[in-house]
Each structure stands twice: as C-alpha cells, then as structure tokens.
Amino acid sequence: MTEREKGRDFTELKEWCLAIPKIELHAHLNGCIRDSTLLELAEVLGERGEIVFDDVKHVINKYGRTLTECFQLFDLFHILATDHETISRITKEAVEDFAAENVVYLELRTTPKNNETKGMTKRSYLKAVINGLRSVESVNVSFINPNGRTESFYDPLQKGGLTVLEKKRIYVRLLLSIDRRETTAAAMETVSLALEMRELGVVGIDLSGNPIVGEWNSFFPALKYAKEMGLPITLHCGEIEICLTSNLRTERLSSIDLHHFGKLFKAKHPLVLCTDDTGLFSTSLSNEYYLAATTFGLDKESILQLSTNAIHYVFADNELKKTLREIFQAYDKRLVDDFSL
Ligand SMILES: CNc1ncnc2c1ncn2[C@@H]1O[C@H](COP(=O)(O)O)[C@@H](O)[C@H]1O
Ligand SMILES: [Zn+2]
C-alpha cells in the first residue's frame, strides 16, 4: 500500500469513527466549552476591565498543558462562565457538539456552584444547566420531564423547522460533581440536590477536581450518604472510563502507545472510551475512537463492539438501556445491509 493509499484509509476510518453511534460517559461541562465561546466571553470581560483579554487569549490558545495548568485554566473558565445565562449557553453548545458527532447518549457531569455576586446557588446553577438542555433546537434532546418520563423538549409543531425524524437524537443524563476542594457540608448539599433532582435526569455523583488537593475524610460522608440512598457514584480514581488524550496531556506519557489501554483491551477488561474535557484538550469522542484504533490496531468490528459495550455502564434505567441497544442494533443491521449490496 502506498503512503497515499494509507492516508486515504485513515481519512475513511476517521469519518467512520464519526459516523458510528457512540456513548459518552465522562465529560465535564466546563471542560467542554468551545474555544470560540471562551474567547467571546473573555473579550466581554476584557472590555469591562474585569480581566486582561490578551493574557487570557494566550492561555486559552495554548496547546499542551500540565495537570497544574489544567486546573488553573478551570479556575479561569469558572470566572468566564459564571452567570446563569452563560451556564445555559455552554450546556446547549456541549450537547449540540456531542450530538453532531453521533453521540446518542451523554452523561454530562458538572459541579454545582454557589456564587453570591451573581445570585447563584447550587440549585439555580443546575436549573440553568437544565434550561440549557431545554433550549437546544438543532438536535432532538431527550431528557426527563418533571413526571419522571423521558421526553423530548423539542416540539417541532411549536418551533417549526426540521421535524424530529430529520434530526439527530441524543439522550442526556446528568452527574453532579463534588469538587475535592469542597467542605463536607458543600458536598452534602450536592448529594441532597442530586437526590431531589433525580426525576429530572440526575443519575449519579462524581468526585473530581485536582487530585493533589482535598482530604478523603471531607467528602467521604457525602459519598457514603449517596450510596446509602442508592445513587450511583463515579470516582476520579481507577475508573473504567479511559480518556486517551486527557491522559496523554496530563500524565506526561511520552507517547500514546505506552497507554495502558492496549493491555486492558487485550485482557478484555471492562472499559469505555471517553473525552473528559473536549474543549480543554481539543478533542472529540470520534477522535478518541480514531486514536485508539490507529494506535492499537483495532479493526472496525472491535471499535463498534467497544462503543456498543458502553451500554453496560450507563447509569440510566433499563428502559433506556434497551432503547440504546436498539439504536446500536439498527446501526449494525444497516452495516450488514450495506455490505450485502
Ligand atoms: C483533567 N482531568 C480531570 N481530573 C479531575 N477533575 C477534572 C478533570 N477534568 C475536569 N475536572 C473537574 O471538572 C471541573 C470542570 O467542569 P465543571 O465545572 O464541573 O462543569 C474542574 O474544575 C474539575 O473539578
Ligand atoms: Zn474527568
């Protein structure tokens, strides 16, 4: 095979990774802000004299960061995205971006925040996130309505334009994150909120934040409480979610082929490919599949199997898991039909 043919193959593989249905289980809302949105927000704050735009621009556009720099950047993101309107906007854009690359189920995690100067409480932060989900029009978002039933927020009759059938559909559920810096009381508040908002699609609790800060004793009571109340927990510690680009950038792996994905995949260890922070690491879920396929020599069947297997690990109910299985089966059938033509 010539270099040119190889190049063509890779392009086809990249497009194929984009086309297949995928499940995203590990994405932090504020890590998924589009660069263009960050720059726009920074410009506005710069004009108001609240930040120095040029300094921020330089930081946002920097490629490759250490773990410490990543967490400094999160602090900056949290300054840029603090009001309710912006939280709704970044939620809407993150969902649109995932749906655009054929993510059919998204578990979006975010840390509810109090911000007195903006009149924000953890509850109102979450409401802003939910309003963001409601405001998506370009794709068909299925969330959970206050009666506890899965429903689409998009009503084609009211809004006009594309019909539901013509649009991509994405199921979205939320995980509420406890930041390792938080006090026990703040962590408890997040768990209580998650329990209260279960019928609105909150399916679990996450523990995240800078791994070198915080004390286990401060967040343990909240995690224990969540567990006792039957709320699933996902920890940033030995998780089954693998975020190749994130690990490469932050763990100082000298090269991606040294990543433990290779060994785990060979051993059929349960794992799911995820992005972590699409904005921060300039990646996408399709790109992560493509990266795994090209680095570890996975064929298409294995890639599709990997994306289908993620269904086992979603926190959503069995009914939704069944729907996801049907989506993947329909895709499989289409592949077989195409092949037999
Ligand atoms: C690089 N790998 C990571 N390790 C640990 N925590 C991470 C993370 N990436 C993101 N976060 C957590 O998610 C927050 C941003 O989204 P939200 O404000 O919650 O929407 C970060 O402040 C951090 O607490
Ligand atoms: Zn993470």
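Note that the structure is predicted; figures quoted are calculated from it, not measured.

**Student:** Describe the site of ligand 1, listing the residues and the values that go with them.
**Tutor:** Close to ligand 1 lie 17 residues; His78, Thr110, Thr111, Lys113 and Asp277 are nearest. Note that an oxygen atom of ligand 1 is positioned 2.7 Å from one of the side-chain N or O atoms of His78. In the environment of ligand 1, an oxygen atom lies 2.7 Å from a nitrogen or oxygen atom belonging to the side chain of Thr110. Relative to its free-state accessible area of 510 Å², ligand 1 is covered by the protein chains to the extent of 95%.

**Student:** Break down the environment of Thr184 for me, with residues and values.
**Tutor:** Note that Thr184 resides in helix H8 (residues 184-196). Those residues within four positions of Thr184 in sequence are excluded, and the remaining contacts are Asn217, Ser218 and Pro221. Of note is the side chain of Thr184, whose polar atom sits 2.8 Å from the backbone oxygen of Ser218.

**Student:** Please set out the nonpolar core residue by residue, giving values where relevant.
**Tutor:** Formed by 81 residues in total, the largest nonpolar core has its most connected members in Leu80, Leu106, Ile170, Ile178, Ile205, Phe261 and Ile303. Examining the composition of this core, we find that seven residues originate from one element, helix H4 (residues 67-80), more than from any other. The residues touching Ile303, leaving out its near neighbours within four places in the chain, are Leu13, Trp16, Cys17, Ile20, Tyr289, Ala293 and Leu298. Counting residues in each nonpolar core, the second largest holds 15 residues, with Cys243, Ile311, Val314 and Leu324 among its members.

**Student:** Pulling in residues and values, what's your account of the coordination of the zinc ion (ligand 2)?
**Tutor:** Distances from the zinc ion (ligand 2) to its protein donors, namely His26 (NE2), His28 (NE2), His236 (NE2) and Asp276 (OD), fall within the range 2.1 to 2.2 Å. In this structure, the zinc ion (ligand 2) is coordinated by four donor atoms arranged in irregular fashion, with angles at the metal of 87 to 173°. Along the chain, the residues that donate to the zinc ion (ligand 2) are spaced as H-x1-H-x207-H-x39-D. Of this pair, His26 sits in strand S1 (residues 22-28) while Asp276 sits in the loop between strand S9 (272-273) and helix H12 (285-296), and the two are 250 residues apart along the sequence. Classification of His26 as buried rests on a relative accessible area of 1%.

**Student:** Describe the packing of helix H2 (residues 35-47) against H4, listing the residues and the values that go with them.
**Tutor:** Taken N-terminus to C-terminus, the directions of H2 and H4 make an angle of 65°; their axes are 10 Å apart at the nearest point. One way to sum up the angle between H2 and H4 is to call them roughly perpendicular. Between H2 and H4 lies a crossing whose hand is left-handed. Counting all contacts with H2, which are made through Leu38, Leu41, Ala42 and Leu45, the residues of H4 involved are Phe77, Ile79 and Leu80. Counted by class, the contact of H2 with H4 contains seven nonpolar, no polar and no charged residues.

**Student:** How would you sum up the packing of aromatic side chains? Please name residues and give values.
**Tutor:** Counting across every chain of the model gives seven aromatic pairs. Seen in terms of ring centroids, Phe261 and Phe296 are 5.0 Å apart; in terms of plane orientation they differ by 45°. Their pairing is tilted. Linking Phe261 in helix H11 (residues 261-266) with Phe296 in helix H12, this pair joins segments that are 35 residues apart in sequence. Judged by relative accessible area, Phe261 falls into the buried class, the value being 0%. Chaining the aromatic ring pairs together yields one cluster made of Phe71, Phe74 and Phe77.

**Student:** Please set out the pairing of strand S6 (residues 202-208) residue by residue, giving values where relevant.
**Tutor:** For S6, a buried count of seven out of seven residues is recorded, marking the element as mostly surrounded by other parts of the structure. Relative to S6, strand S5 (residues 169-179) runs parallel, the two sharing six bridges. Of the residues in S6, the one forming a bridge with Leu176 is Ile205. As paired strands, S6 and strand S7 (residues 233-235) are joined by three bridges and run parallel to one another. Each bridged residue has a counterpart across the sheet, and for Ile205 the counterpart in S7 is Ile233.

**Student:** Describe the pattern of salt bridges, listing the residues and the values that go with them.
**Tutor:** Oppositely charged side chains can pair when the atoms bearing their charge come close. On inspection of all chains with the given rule, the structure shows 16 salt bridges. Among the salt bridges present, the one from Arg34 reaches Asp97, with a minimum N-O distance of 2.8 Å. Of this pair, Arg34 sits in the loop between S1 and H2 while Asp97 is found in helix H5 (residues 84-100), placing the two residues 63 residues apart along the sequence. On the accessibility criterion, Asp97 (32% relative accessible area) is partly exposed. As a salt-bridge pair, Glu182 and Lys122 come within 2.7 Å of each other at their nearest N and O atoms. With a gap of 60 residues between them, Glu182 in the loop between S5 and H8 and Lys122 in helix H6 (residues 122-134) connect regions that are remote in the sequence. Classification of Glu182 by relative accessible area gives buried; the value is 15%. Taken together, the shared-partner salt bridges connect Arg34, Glu40, Arg89, Lys92, Glu93, Glu96 and Asp97 into one network.

**Student:** Just give me the short version of H8, but keep the residues and values in it.
**Tutor:** In this model, H8 (13 residues) spans 18 Å end to end at C-alpha, consistent with the 18 Å of a helix rising 1.5 Å per residue. Among all positions of H8, only Ala186, Ala187, Thr190, Val191, Leu193, Ala194 and Leu195 are buried. Of the surrounding secondary structure, the elements contacted by the buried residues of H8 are H6, S5, S6 and helix H9 (216-228).

**Student:** Help me get a handle on H2, residues and values and all.
**Tutor:** Helical geometry note: an α-helix holds 3.6 residues per turn, so side chains three or four residues apart project in the same direction. Compared with the 18 Å implied by 1.5 Å per residue over 13 residues, the 18 Å span of H2 between its first and last C-alpha is a close match. What H2 keeps buried is the set Thr37, Leu38, Leu41, Ala42 and Leu45. Down the axis of H2, the buried set is contained in an arc of 130°. They therefore lie on one face. Turning to H2, the residues buried within the fold contact helix H3 (53-61), H4 and H5. Positioned one or two residues after H2, Gly49 has a phi angle of 80°, which is positive.

Conventions we followed
- Within each chain, residues carry numbers counting from 1 in the order of the written sequence.
- Chains carry letters from A onward and ligands carry numbers from 1 onward, assigned in written order.
- The predicted nature of this model means local features are confined to residues of pLDDT at least 70 and side-chain atom pairs, given and counted, to a pLDDT of 80 or more, with totals for whole chains, interfaces and linings taken over all residues.
- Neither water nor hydrogens contribute to the side-chain values; these are computed over all heavy atoms in the structure.
- Residues are counted as near a molecule or strand when any one of their heavy atoms sits within 4 Å of it.
- Nitrogen and oxygen atoms within 3.5 Å of one another constitute a polar contact, given that in protein one can donate a hydrogen and the other can accept it, and given that sequence-neighbouring residues count only through two side-chain atoms.
- All accessible-area figures derive from a Shrake-Rupley calculation using a 1.4 Å probe, and residue coverage is judged against the displayed protein chains alone.
- The numbering of helices and of strands both runs from the N terminus, where a helix is a DSSP run of H or I of at least 4 residues and a strand a run of E of at least 2.
- Contact definition: two residues touch when any of their heavy atoms are within 4.5 Å.
- Among buried residues, those of type Ala, Val, Leu, Ile, Met, Phe, Trp, Tyr and Cys that are joined through side-chain atoms within 4.5 Å constitute a nonpolar core.
- When a residue's accessible area, from a 1.4 Å probe over protein chains only, is under 20% of the maximum for its type it is buried; when over 50% it is exposed; and in between it is partly exposed.
- Atoms are scored as donors when they are N, O or S and lie within 2.8 Å of the metal, with 3.2 Å used for Na, K and Ca; no water is included, so coordination may look incomplete.
- Between 85 and 135 degrees for all angles marks four donors as tetrahedral; over 155 degrees for opposite donors together with 65 to 115 for all other angles marks four donors as square planar and six as octahedral; every other arrangement is irregular.
- Helix axes are fitted only over the stretch in contact, all axes being lines through C-alpha atoms; the angle between N-to-C directions runs from 0 to 180 degrees.
- Roughly parallel refers to an angle under 35 degrees, roughly antiparallel to one over 145, roughly perpendicular to one between 65 and 115, and oblique to any angle outside these ranges.
- What makes a crossing left-handed is the near helix being turned counterclockwise from the far one by less than a right angle; a clockwise turn instead makes it right-handed.
- Amino acids outside the nonpolar list (Ala, Val, Leu, Ile, Met, Phe, Trp, Tyr, Cys, Pro) and the charged list (Asp, Glu, Lys, Arg) are all regarded as polar, and Gly is one of them.
- Here a pair means two rings of Phe, Tyr or Trp (six-membered ring of Trp) with centres within 6.5 Å. Their orientation is stacked below 30 degrees between planes, edge-to-face above 60, and tilted elsewhere.
- Two strands are counted as paired when DSSP detects at least two bridges linking them.
- Salt-bridge detection follows one rule: a side-chain nitrogen of Lys or Arg within 4 Å of a carboxyl oxygen of Asp or Glu.
- Expected span, for any helix, means 1.5 Å times one less than how many residues it has.
- Of all possible arcs, the one meant is that of the directions from the helix axis to the C-beta atoms.

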